[in-house]
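Chain residues, written in single-letter form:
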Amino acid sequence: MANENTNINTNADTETLSEDVLVVRDLKKYFPTAKNFFGKPLGFVKAVDGVSFTIKRGTTMGLVGESGCGKSTTGRTLLRLQEKTSGEVLFNGIDIFELKKEELRKLRPKIQIVFQDPFSSLSPRIPVGEIIGEAVREHGIVPPEEYDDYITRIMKACGLQEYHKDRYPHEFSGGQRQRICIARALALNPEFIVCDEPVSALDVSIQAQIINLLKELQEQFGLTYLFISHDLSVVEHISDTVGVMYLGNMVEYAETGELYANPLHPYTKALFSAIPIPDPDAQMNRIILEGSIPSPANPPSGCKFHTRCSECMEMCKYCQPEYREITPGHFTACHLFNTPEMNAKFEAESKAAADKEKADEKDKVGR
Amino acid sequence: MAKKSSYISNRETAKITRRNRQITRRLEKERKRKNVPESVYKTKMKDNNNVVEFDNVCSYFFTDIGVVKAVDGISFEVPKCSTVGIVGESGCGKSVTSLSLMQLLQRPSGQTVGGEIRLNIDGDGDAINIVKTPTSVMQNIRGNKMSMIFQEPMTSLNPVFRIGEQVNEVIKLHNPEMSKEDIKSRTLEMLELVGIANKEGVYEMFPHELSGGMRQRVMIAIALACRPSLIIADEPTTALDVTIQAQILDLLKGLKEKVNSSIMLITHDLGVVANMADYVVVMYAGRVIEKGTTRDIFSNPCHPYTIGLMKSKPVVGKKVDELYNIPGSVPNPVNMPDYCYFRDRCEYTCDKCRNKEAGFGNYPPEIKISDTHVVSCYRFYDEGQVMGYPNPVNVEDL
């Protein structure tokens, strides 16, 4: 299988390109909630509120967090499946949001996505060969005479048989459908694939097959993945670096080994301690978080996690922590790791804010 | 393209449908009978320390492409005040097992056709056989003696009624003599029990005002409202986040001690089972392939499928280069083979799995390898004590 497919990836000039495939700087995506009579939005859901990260060529970045924390919105926005609110996304040094329609169309094959639900992301009326091949023909990835062979090769690489070409999606099981989705993304010869919870809808044993397939394809074609998932054990297995998101913000980012061995942010710690370990004798030191994730339409002030944090301080309630590098390669946004100067600054700020709040309250009572 | 093996002509479909209709009509008639004498469904428990005993239960679905044997001769017990975890992949019959127990199978196509499910009703060893119980009697048992927590808290609450009303309803139905005030105070007590701090507020709320975790708490409150002796939790945390899952599991664990009931926990997450359960039942393709205490299953998995399942799940802190995956897929449920269902995917096949001449090669019997550990695999045929073969109902006899 391996030798046969080596020529699919025609990115011969990959070495000349920079090491960073994707650079995301302060990406924001707000969704308007209600609009007034003139169509002016009255409020926003801050789904993604200033996220920055870099993905190196040939590596996998995991993105974890609870549902509603903006993982999927990040994935979709950085492919420009929806417009950003602010920030920038550089793919191989090109700002995706600056591109004109025609230029973006040319770039599309390079950036692909695999969706969560393999049951709703395949058209039930199109045979599998056409699902995989449609975009290949549209983009002219291979000359027309090689088209059939090419599709067969791609399908084989993803563990599908040639005779599956004429079948329809309903004839396949969940795992095989996910293979079709992966084949569809892979057929366009991409450099970067966003995997948006590709294994959440699958059974444990099928999950293993798909994860192994993704890893295999990465080695074969030198792909770069953004792997979005809420399953921390899967993310640990597949990723090189991991980012943890909470309410639209990145709270921690580090290499996988470092993050799992030495989580800094209280949220990350709680998240890891909540993973059920399949061993009845395992000693569990669960940090059980109180309550549930606050609404992103009305996030708490200061550090967004302070309402559920066990180590909440006074300044956490008023000042947003700075997202910075604590040890080389390990970023986090938490007041616990402030330098003394920063502490002094934030303390002063929070005191001022607290005083102001008190004054406001008095004002209200006075009236 | 070659003719598909699963292809069925119109004529065949019509024939199957006609036959199914005959069978289901007769079974339905029996179920709808009025004035059923108690002797039909009253039995005795085999062991009074059990809450429920499943004895060779068969639940089949009569579909237009043939009979799907979703649960095919399973036997296990749920002891008092303990948690039994049922594990398996989707489609292995976990949920059908629990639905058979509640008599909630989608009728008329889904029917429990054989075996006995004995539910301990008063603790003196008197039991009723759920399989034979008519619907009118069942209504007094459901929600009262046993109740169920469903997978999706989003869809299992009624969106047009307030939370308070929905909890009240259960209590009112099973305790018609209670006054309105008593019912309300009981409801509030239940809401407090499941860890809802703002109980008065939540009482007046509609389901859409609550988050997923809170809704699941309300579901648990409804399930506990009549203090049942058995709670069936059908994937209670699958739709929830990890942190919320930890909260709910913690709650269930605490509640079990408080209200003195058994839990039947259905899940596909081995981690959840390891933390919660005292006993584990592993199912594959409608049959129980291995059962034992949690320690038996996790420290000494014996069936090749259980071993594969454990290996294919990545575990935090354990680094492996490649995850193990079980080759092949589950056999077609309409047309099950007559040998071990796992043989074609198995890495450990031995002589006995295939040797028809020597009297083996059929579906393996249940083999007891320790006091608590039972496995269905020929590899232990010589070591353990043979308990008996599963005894499915022959569809032709119905």
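It should be noted that the structure appears before, not after, this text.
None of the values given here were measured: they were computed from a predicted structure.

Enquirer: Mind showing me how you'd approach the pairing of strand E10 (residues 249-255) of chain A here?
Expert: One face of the sheet, then the other: side chains in a regular strand alternate in exactly this way. Residue and element names in this part refer to chain A. For E10, the tally of buried residues reaches six of seven residues, placing the bulk of the element in the interior. Where strand E9 (residues 241-246) folds back on E10, the antiparallel hairpin that results is connected by two residues, among which Leu247 adopts a positive phi of roughly 50°. Here E10 pairs with strand E12 (residues 330-333) via two bridges, running antiparallel. Across the sheet, Glu252 pairs through a bridge with Thr332, a residue of E12.

Enquirer: Explain the interface of chain A and chain B to me, please; I cannot follow it from the model alone.
Expert: Between chain A and chain B, the contact holds 39 residues from the first and 39 residues from the second. Each partner contributes to the roughly 3,400 Å² buried at the junction of chain A and chain B, and carbon and sulfur atoms together form 56% of this total. For chain A, the biggest contributors to the area lost against chain B are A:Val204, A:Pro278 and A:Pro280; these three give 17% of the whole. Across the contact surface, chain A and chain B share one salt bridge. For the pair chain A and chain B, the number of links is six residue pairs in polar contact (both at pLDDT 80 or more). At the level of elements, helix H6 (204-221) and helix H7 (232-238) of chain A are the ones that each hand at least two residues to the side of chain A that touches chain B.

Enquirer: I would appreciate a short explanation of the packing of helix H3 (residues 128-139) of chain A against helix H5 (residues 174-186) of chain A in the present structure.
Expert: Geometrically, a packed helix pair is captured by the angle between its two axes and the distance between the axes. Residues and elements named next belong to chain A. At a minimum axis distance of 8 Å, the contact between H3 and H5 shows a crossing angle of 25°. Between H3 and H5, the angle is such that the two are roughly parallel. Seen from above, H3 lies across H5 with right-handed handedness. Of H5, the residues touching H3 (which contributes Val128, Ile131 and Ile132) are Ile180, Ala183 and Arg184.

Enquirer: Is there a simple way to think about the sheet that holds strand E1 (residues 42-44) of chain B in this case?
Expert: The strands making up a sheet associate through backbone hydrogen bonding, with each pair oriented either parallel or antiparallel. Residue and element names in this part refer to chain B. The sheet built from five strands is open, its strands ordered E1-E6-E5-E2-E3 with antiparallel pairing. Either end of the sheet is taken by a strand with one partner, and the two such strands are E1 and strand E3 (66-79). Looking at each pair of strands side by side, their axes are set apart by 20° on average, direction ignored. As defined by bridge partners, strand E2 (residues 50-63) adjoins strand E5 (residues 110-120) across eight bridges and the pair is classed as antiparallel. The residue of E5 that forms the bridge with Phe61 is Gly110. Relative to E2, helix H1 (residues 10-32) is tilted by about 145°, and along the sheet it contacts E2, E3 and E5. Each of E2, E3 and E5 is contacted by helix H3 (residues 94-102), which is oriented at about 110° to E2, the strand it contacts most.

Enquirer: Mind showing me how you'd approach the packing of aromatic side chains here?
Expert: All names here are of chain A. Per the counting criterion, the structure on display carries 14 aromatic pairs over all chains. On the numbers, 5.0 Å between centres and 85° between planes, the contact of Tyr246 with Phe305 is edge-to-face. On the criterion of sequence distance, the pair formed by Tyr246 in strand E9 and Phe305 in the loop between helix H9 (266-273) and strand E11 (323-327) is long-range, its members being 59 residues apart. No difference in accessibility class separates Tyr246 from Phe305, as the two residues are buried. Arranged with centres 5.7 Å apart and planes meeting at 20°, the rings of Tyr323 and Phe331 form a pair that is stacked. For Tyr323, a relative accessible area of 28% puts it in the partly exposed group. For Phe331, a relative accessible area of 23% gives the class partly exposed.

Conventions adopted
Residues numbered from 1 in each chain as written. Chains lettered and ligands numbered in written order. Predicted model: local features only at pLDDT ≥ 70, side-chain atom pairs only at ≥ 80, totals over all residues. Heavy atoms only, no water. Buried < 20%, exposed > 50% of the residue type's maximum accessible area, 1.4 Å probe, protein only. Helix = DSSP H or I, 4+ residues; strand = E, 2+ residues; numbered from the N terminus. Pairing = 2+ DSSP bridges. Contact = heavy atoms within 4.5 Å. Buried area = accessible area lost by both parts, 1.4 Å probe. Salt bridge = Lys/Arg side-chain N within 4 Å of Asp/Glu carboxyl O. Polar contact = N/O pair within 3.5 Å; in protein donor to acceptor, adjacent residues only side chain to side chain. Axes fitted to C-alpha atoms, helices over the stretch in contact; angles between N-to-C directions. Parallel < 35°, antiparallel > 145°, perpendicular 65-115°, else oblique. Left-handed = near helix turned anticlockwise from the far one by under 90°. Phe/Tyr/Trp six-rings, centres within 6.5 Å; stacked < 30°, edge-to-face > 60°.

So, to be careful, I would describe these as geometric facts and stop short of saying anything about function.
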